[in-house]
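# Architecture at a glance
One letter stands for each residue in the lines below.
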Amino acid sequence: VVVSFFYTSCKSVCPLVVARLREVAERFGPRMGRDVHFVTITIDPVPDTPERLLRYASAFDIGPGWSFISGPSSTIDDIRHKLGERSGQAIEIHKNEILIYNDDSGRWARDSIFSDLGVLAQT
């Protein structure tokens, strides 16, 4: 599972993160949704309604196995905290970091979305 955070009104790093992740997802082909799952969570849940997330995902031609998630601000804050993101105001911070969870080993890893795409896919 690859976990990333973003928000739809971002005009800098977030679209680039989604575009690069899409390139990584393409490398998995039919394994997406079966062996590999991407979860992208908004950090600005009030304007990022499920409908808005669906339009955003459609604009990037996101395929199966990739979920864009929103929810109550308190829930998003809890998720961020439990995944190690304890910085202040979320939308003021742009990270190029993704989290990778291996269900077989139970291990978490972090990587930069600006790493080599082949290395990311291998990780």
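Refer to the structure presented above.
Residues numbered from 1 in each chain as written. Predicted model: local features only at pLDDT ≥ 70, side-chain atom pairs only at ≥ 80, totals over all residues. Heavy atoms only, no water.

### Concerning the side chain of Thr42
Checked against the element boundaries, Thr42 lands in strand β2 (residues 38–42). For Thr42, the side chain forms a polar contact with the main-chain nitrogen of Asp44, separated by 3.0 Å. One polar contact links Thr42 to Asp48, side chain to side chain, over a distance of 2.4 Å. Contacts of Thr42, omitting those with residues within four sequence positions, involve Phe6, Tyr7, Asp48, Leu53, Ile69, Ser70 and Ile76. (Helix = DSSP H or I, 4+ residues; strand = E, 2+ residues; numbered from the N terminus. Polar contact = N/O pair within 3.5 Å; in protein donor to acceptor, adjacent residues only side chain to side chain. Contact = heavy atoms within 4.5 Å.)

### Describing the pairing of strand β5 (residues 107–112)
By the bridge criterion, six bridges tie strand β4 (residues 97–102) to β5 in an arrangement that is antiparallel. Paired with Asn102 across the bridge in β5 is Arg107. Where β4 folds back on β5, the antiparallel hairpin that results is connected by four residues, among which Gly106 adopts a positive phi of roughly 75°. (Pairing = 2+ DSSP bridges.)

### Digging into the nonpolar core
Ranked by internal contacts, the top residues of the largest apolar core, which has 35 residues, are Val18, Leu21, Phe38, Trp66 and Phe68. Of all elements in the fold, only β1 (2–6), α1 (13–28), β2, α2 (50–59), β3 (66–69), β4 and α4 (117–122) reach the threshold of two or more residues within this core. In this structure Leu21 touches Val2, Ser4, Phe38, Trp66, Ile98 and Ile113, once residues within four positions along its chain are discounted. (Core = buried A, V, L, I, M, F, W, Y, C linked by side-chain atoms within 4.5 Å. Buried < 20%, exposed > 50% of the residue type's maximum accessible area, 1.4 Å probe, protein only.)

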